[in-house]
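One letter stands for each residue in the lines below.
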Amino acid sequence: MRAVLTWRDKAEQCVYDLAFKPDGTQLILAAGNRLLVYDTSDGTLLQPLKGHKDTVYCVAYAKDGKRFASGSADKSVIIWTSKLEGILKYTHNDSIQCVSYNPVTHQLASCSSSDFGLWSPEQKSVSKHKSSSKITCCREEHNDILAVADWGQKLSFYQLSGKQIGKDRSLNFDPCCLSYFTKGEYILLGGSDKQVSLFTKDGVRLGTVGEQNSWVWTCKVKPDSNYVVVGCQDGTISFYQLIFSTVHGLYKDRYAYRDSMTDVIVQHLITEQKVRIKCKELVKKIAIYKNRLAVQLPEKILIHELYSDDSLDMRYRMKEKIVRKFECNLLVVCADHIILCQEKRLQCLSFSGVKEREWQMESLIRYIKVIGGPPGREGLLVGLKNGQILKIFVDSLFAIVLLKQATAVRCLDMSASRNKLAVVDENDTCLVYDIHTKELLFQEPNANSVAWNTQCEDMLCFSGGGYLNIKASTFPVHQQKLQGFVVGYNGSRIFCLHAFSMSAVEVPQSAPMYQYLDRKMFREAYQIACLGVTDTDWRELAMEALEGLEFETAKKAFTRVQDLRYLELINSIEERKKRGETNNDLFLADVFSYQGKFHEAARLYKRSGHENLALDMYTDLRMFEYAKDFLGSGDPKETKMLITKQADWARNINEPKAAVEMYISAGEHGKAIEISGDHGWVDTLIDIARKLDKAEREPLLMCAHYFKKLDNPGYAAETYLKIGDLKSLVHLHVDTQRWDEAFALGEKHPEFKDDIYVPYAQWLAENDRFEEAQKAFHKAGRQGEAVRVLEQLTHNAVVESRFNDAAYYYWMLSMQCLDIAQDPAQKDVMLGKFHHFQHLAELYHGYHAIQRYTEEPFSFHLPETLFNISRFLLHSLTKDTPLGISKANTLFTLAKQSKALGAYKLARHAYDKLQGLHTPARFQKSIELGSLTIRSKPFQDSEELVPLCYRCSTNNPLLNNLGNVCINCRQPFVFSASSYEVLHLVEFYLEEGITDEEAVSLIDLEAPRHKRENKWQEIASNTSQTLRLDETLDSMGDDDPFTAKLSFEQGGLEFVPVVVNRSVLRSMSRRDVLIKRWPPPLRWQYFRSLLPDASITMCPSCFQMFHSEDYELLVLQHTCCPYCRRRIDDPSP
């Protein structure tokens, strides 16, 4: 810090007080009994103001700049306007000691020896208040800290609460005035030492502002500036400018500078991190190098070091302290030494303060810089006023003269490789030398500082005249605006010192990169780009290097911008070069085609003898006109190929009509047909199909395919006939379900029978027309497939609890197996399946009623029917239970119906059986209740329910261990398929040697028996015909030969069938015999009704027996047989 006197004047009397106008343009002095108004810019006395009759002690200006006040020994206070006019005067009882304005309300406080008054512009009167002691000072300040200087010659600081901050500081003089700078960062203090001293806000003395000839009575700071005015006892007024010099140091990306005169701040220019080191004394010099930081204070030098070697570490610790006072112009620190520059002399001191070496220069030292080196052997670059530039090693006594120039040195820097030296001289010229040859390489004007790029040998920058200049190699300088001084250049960052702040400026290296590109120096341009350029610049570098066939540089640049397309191109070219290709024209043509320079690429392709590549390029780009021009009148095949590609393009850009026409003209009928078919243009397809020759099979088949797809089977059939493809025609008829045409074609060509009837059968099965499907499968010879389809349908019906449908499907399966059994090779297996499926059909037909009873809320069957069905199922389920049939449901139904019909013994047995089965939860309560209540019933069954064997007339128990056969004669019972009652039928067998046809003819003969009187008498009259039963006639004795055949050996364990001969057959009546006419290989079954008056009906299709009344009712309800679903209007058996 140094003070420069701006102007000085002298008043006739002592200057007691002074005040600045808030805008700083005027200065008001209290001298004698007058006020003196000065212009602060040049010290001109503007006007003396008279109004007081005695000495003026104090003066104060309002913060709004509209008025000021003065107080005098004549006990009066005068209010003045900014136009220097007095507007108000009031008095106190004693002389006025001080006046001050409130900065917010502009209220004036005036203090005398015994009281103080408050005046505001809004009030006419002044309110006064007594004081018990003399008031010497009143002051308005913005600071939260109160500074107090007293004649005990000490300076103290207090908080507003009255608590002292720190210790008292000794002054060694009597203070008379104390003043803060505008922002409170510094304090001015003057008094009996006849000078004004500058202190920090913490009370650290920084220096002297100006020495005077008498006591300093008042000093003030010009608002918002570094100007200070001093008023003395002898009337001297001095106006000074305080200049705070920049104290700083820079090494690479670390910048250290002085802050608040006593602190050191180290800033990392890359990360913007800062650390503050408090020294508590005036910082005079700063030096920084690698991990060292040296700070010179008035009486000592402090050396700090980093805690670690981390380049981002910002923590410093004290390493050494040299307690000596040094006077030097420049300070430099190395790894183990500090260097002091004193005019022409350099001194090298160790950290302990021992002087190790000294160098005496020929001229004043203007610049010094550490240029690196091993610890303890660092090199110094020194520039002298006489133009000499030297290199000094700290461990050597001898200075090395690098070069000598005619002008004084202002700034120096050495390139990264230490081959080049940049110098800024006193004429603001930047000169660059080759250190080895001492040759001046170039010079540039308007420079005040220079710095080499630490990452690039041939790049430097210099500043001057408000511009930043970047120079690469010997290329012209690139300029851009920049305020300040360049002090460092690292990569793309330029470190610039402007005023008191250091900043890192990101500067794209585009301009020097393009300078290298202009000279095709691609490798150097890449090095510049690595320092920092935009993505656009990287792409431009990549393109230029690619066009220059500098593939290595191009690859690196394209990798930087992540352009995979060009990287693939470069890789392909490198692979081709490895295979031995050397045609650079061809490589460059590929590059031009990638860049969109198609005509240049075509010329290069042609020059290298690869016209086909140019043609492919044009066609791929849909530039067909250029392709035609390039082709000229060439090969017709090439022309056809070109038209085809043009059609492809028209197709891709969604112009199918044009594409079809071009394909047809190029003879590409397949593609034309494909487009027409995809767009549904049937008329176009017809034209193409009719114009094509029948030998062109493939396109005609495509036409037929699209006709079929577009629902035009007529045109498809026409096309198939044209090429004679009968098999496809058959498939067409089948796919379109035109069965009549298919059958007609099958009649003419039997070889297509399978192709017609198998799909027909599948279609029938899908439409639930299973009987027709079976016939169709049979016609096609696919009995196995028919069985598989029906088995799947049957399984689904069982899983879905459609047991009626399951019974029907199993019956159909059995009949299908019977058909297949006509093949001798499969006879035994299929007959076994036939009997198994017949048995399952009967079970599921009966269980359908049980399932409906247990699952649905209302019963559709009589109790007797449910009772009979339950017994039938239990007798049939002696071994495995088929899928879906629940034994628990069957026993539950039997128990309920037995109890209702009086079969209590059977009901109790059913309930007992249910106790051992897993039953549904909904039945549990009913079963438990029934099990209890049944025990209150008699342990017997109703005789009315006991079944009778019509062969041996034996009453069978309700629960038969043998199953559905008589326990006596073992004759199987024949059940009604609706009520499941035992029918009065006995099966008989033919004697060996009698064929079915002969048996039927014998039965049809109906040989006369003994004459029997007719019980019916007919009485006829004119109006009616009456039949009357005459029961008085004796009934005829039983002489039926069949009855005699019913006898058997009592108690035999084996079943003895009834076998009849021809005479017995002749004695039978056709009305009493029912015949199941099974197709071969099964024999027919014969049944004789023992109660001819009770009519029984047998379905001619499934051969199930019914009571005639039941059958007629069921047929009326369902219009078909309830078992096999044969419709009543179907004439076939």
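Residues numbered from 1 in each chain as written. Predicted model: local features only at pLDDT ≥ 70, side-chain atom pairs only at ≥ 80, totals over all residues. Heavy atoms only, no water.

A.B. asks: Any chance you could explain the overall build of the protein here in plain terms?
C.D. replies: Helix and strand counts for the protein come out as 30 helices and 58 strands. Relative to its 1133 residues, the protein shows a buried fraction of 49%. Put simply, 43% of the contacts in the protein that link residues at least 6 apart link residues at least 24 apart. For the protein, the accessible area works out to roughly 56500 Å², and carbon and sulfur atoms hold 48% of it. (Helix = DSSP H or I, 4+ residues; strand = E, 2+ residues; numbered from the N terminus. Buried < 20%, exposed > 50% of the residue type's maximum accessible area, 1.4 Å probe, protein only. Contact = heavy atoms within 4.5 Å. Areas by Shrake-Rupley, 256 points an atom, 1.4 Å probe, with all protein chains shown as cover.)

A.B. asks: How should I be thinking about helix α23 (residues 863-876) in this particular structure?
C.D. replies: For an α-helix, 3.6 residues make a turn, and residues three or four places apart therefore share a direction. With 14 residues, α23 extends 20 Å from end C-alpha to end C-alpha; this agrees with the ideal 20 Å at 1.5 Å per step. Among the 14 residues that make up α23, 12 are buried, leaving the element largely enclosed by the rest of the structure. Taken together, the buried residues of α23 touch α22 (827-855), α24 (887-901) and α25 (904-915). (Expected span 1.5 Å × (residues − 1).)

A.B. asks: What's the story with the side chain of R908 in this structure? I'm lost.
C.D. replies: Looking at where R908 falls in the secondary structure, it is placed in helix α25. An unpaired buried charge is present at R908: no salt bridge exists, and D912, the closest side chain of opposite charge, is 5.9 Å distant. Discounting chain neighbours no more than four positions away, the residues touching R908 are I934, R935, K937 and F939. (Lys, Arg positive; Asp, Glu negative; His and termini not counted. Salt bridge = Lys/Arg side-chain N within 4 Å of Asp/Glu carboxyl O.)

A.B. asks: What is the right way to look at the sheet that holds strand β20 (residues 205-211) in this model?
C.D. replies: In a beta sheet, neighbouring strands pair by backbone hydrogen bonds and run either parallel or antiparallel. Ordered by their spatial adjacency, four strands build an open sheet running β17-β18-β19-β20, and the pairing between neighbours is antiparallel. Here the strands that pair on one side only, and so sit at the sheet edges, are β17 (175-180) and β20. Averaged over all pairs of adjacent strands, the angle between their axes in this sheet comes to 25°, without regard to strand direction. As paired elements, strand β19 (residues 195-200) and β20 share five bridges and run antiparallel to each other. Looking at the pairing, V196 lines up with G210 of β20. (Pairing = 2+ DSSP bridges. Axes fitted to C-alpha atoms, helices over the stretch in contact; angles between N-to-C directions.)

A.B. asks: Would you mind going over the environment of I850 with me for this structure?
C.D. replies: Structurally, I850 can be placed in helix α22. Taking the C-alpha atoms as reference points, I850 and S886, 36 residues apart in sequence, are found 9.2 Å from one another. Those residues in contact with I850, other than ones at most four positions away along the chain, are L866, I869, S870, L873, N889, T890 and T893.

A.B. asks: Please explain the side chain of S876 as it appears in this structure.
C.D. replies: By secondary structure assignment, the location of S876 is in helix α23. Its relative accessible area of 14% is what places S876 among the buried residues. At 3.2 Å, the side chain of S876 forms a polar contact with the side chain of N964. Among all residues touching S876, those that are not within four sequence positions of it are H839, L843 and N964. (Polar contact = N/O pair within 3.5 Å; in protein donor to acceptor, adjacent residues only side chain to side chain.)

A.B. asks: Help me out: how do you make sense of empty space enclosed by the protein in this one?
C.D. replies: Empty space among the atoms becomes visible once a probe the size of a water molecule is rolled across them. In total, this model carries three cavities of 30 Å³ or more according to the counting rule given. In this structure, the largest cavity spans a volume of roughly 60 Å³. Lining the largest cavity we find L948, C949, Y950, R951, Q971, P972, F973, V974, V982, L983, L985 and V986. Grouping the amino acids of the lining of the largest cavity by side-chain chemistry returns 10 nonpolar, one polar and one charged. By volume, the second largest cavity is sized at about 50 Å³. Around the second largest cavity sit R871, H875, P947, N956, P957, N960, G963, N964, F973, F975 and V982, which together line it. (1 Å grid on protein atoms, 1.4 Å probe; cavity = no way out; pocket = protein on both sides within 12 Å on 5 of 7 lines; lining within 4 Å. Points joined across faces, edges and corners; volume = space filled by probe spheres on them. Nonpolar A, V, L, I, M, F, W, Y, C, P; charged D, E, K, R; others polar.)

A.B. asks: I would appreciate a short explanation of the sheet that holds strand β25 (residues 254-259) in the present structure.
C.D. replies: Within the open sheet, the four strands sit side by side as β24-β25-β26-β27. Their pairing is antiparallel. If you trace the sheet from one side to the other, it starts and ends with β24 (248-251) and β27 (274-278), each paired once. With direction set aside, neighbouring strand axes in the sheet form an average angle of 15°. Alignment of β24 against β25, held across four bridges, turns out to be antiparallel. Across the sheet, residue H248 finds its bridge partner in β25, namely Y257.

A.B. asks: Explanation requested: the nonpolar core in the structure shown.
C.D. replies: Within soluble globular proteins, side chains that are nonpolar tend to cluster in buried spots. One finds Y810, W811, Y844, L985 and M1105 to be the most contacted residues of the largest nonpolar core, which totals 63 residues. No other element matches the 13 residues that helix α21 (residues 803-820) contributes to this core. Contact partners of M1105, with chain neighbours within four places excluded, come to V974, F975, S976, A977, L983, L985, L1074, K1076, F1087, I1096, T1097 and M1098. I288, I322, W359 and L380 belong to the second-largest nonpolar core, a separate cluster that totals 48 residues. (Core = buried A, V, L, I, M, F, W, Y, C linked by side-chain atoms within 4.5 Å.)

A.B. asks: When you look at the packing of α22 against α24 in this model, what are you seeing that I'm missing?
C.D. replies: It is the contact of α22 with α24, at a shortest axis distance of 10 Å, that shows an interaxial angle of 75°. Our classification of the angle between α22 and α24 gives roughly perpendicular. Contacts between α22 and α24 involve Y847, I850, Y853, T854 and E855 from the first element and N889, T890, F892, T893, K896 and Q897 from the second. Per-class residue counts for the contact of α22 with α24 are four nonpolar, five polar and two charged. (Parallel < 35°, antiparallel > 145°, perpendicular 65-115°, else oblique.)

A.B. asks: Quick question: what am I supposed to make of α24 here?
C.D. replies: When the terminal C-alpha atoms of α24 are compared, their 21 Å separation across 15 residues agrees well with the 21 Å that a helix rising 1.5 Å per residue should span. Counting buried positions along α24 yields 11 of 15 residues, so the element is predominantly enclosed. For α24, the set of buried residues is A888, N889, T890, L891, F892, T893, L894, A895, Q897, S898 and L901. Those residues of α24 hidden inside the fold are in contact with α22, α23, α25 and α26 (921-933). The N-cap residue of α24 is S886: its side-chain oxygen and the backbone nitrogen of A888 are 3.4 Å apart. G902, located one to two residues past α24, shows a positive phi value of around 95°.

A.B. asks: Any chance you could explain the environment of C1120 here in plain terms?
C.D. replies: With respect to the element layout, C1120 can be found in the segment after α30 (1108-1118). Judged by its relative accessible area of 12%, C1120 falls in the buried class. For C1120, the contacting residues outside a window of four places in its chain are L1114, V1115, R1125, R1126, R1127 and I1128.

A.B. asks: What is the right way to look at the pattern of salt bridges in this model?
C.D. replies: Two side chains of opposite charge can pair, provided their charged atoms sit close to one another. Overall, the coordinates contain 34 salt bridges when judged by the stated rule. The salt bridge partner of K319 is E305, with a shortest N-O separation of 4.0 Å. Here K319 is found in strand β31 (residues 316-322), whereas its partner E305 is found in strand β30 (residues 301-306), with 14 residues between them in sequence. A relative accessible area of 31% places K319 in the partly exposed class. Connected through shared salt-bridge partners, D259, D263, R276 and K278 make up one network.

A.B. asks: I tried to follow the packing of aromatic side chains on my own but got confused; where do I start?
C.D. replies: Working definition: an aromatic ring pair is given by the centre-to-centre distance plus the angle between the planes. Under the criterion given, the structure shown has 29 aromatic pairs. Measuring from centroid to centroid gives 5.3 Å for Y255 and Y257, while their planes differ by 25°, and the two rings are stacked. In this structure, Y255 and Y257 share a single accessibility class: buried. Considering the side-chain rings of F803 and Y847, the 5.0 Å spacing of their centres and the 85° angle between planes classify their relative orientation as edge-to-face. One end of the pair, F803, is in helix α21; the other, Y847, is in helix α22, and 44 residues separate them in sequence. Take Y847: its relative accessible area is 1%, and that puts it in the buried class. The rings of W7, F20, Y38, Y227 and F239 are connected pair by pair, giving a single aromatic cluster. Its guanidinium or amino end placed over the ring of Y307, R317 lies 5.0 Å from that ring's centre, counting from NZ or CZ. (Phe/Tyr/Trp six-rings, centres within 6.5 Å; stacked < 30°, edge-to-face > 60°. Lys NZ or Arg CZ within 6 Å of the ring centre and 35° of its normal.)

Note that every value here comes from positions in space, so none of it alone points to a role or purpose.
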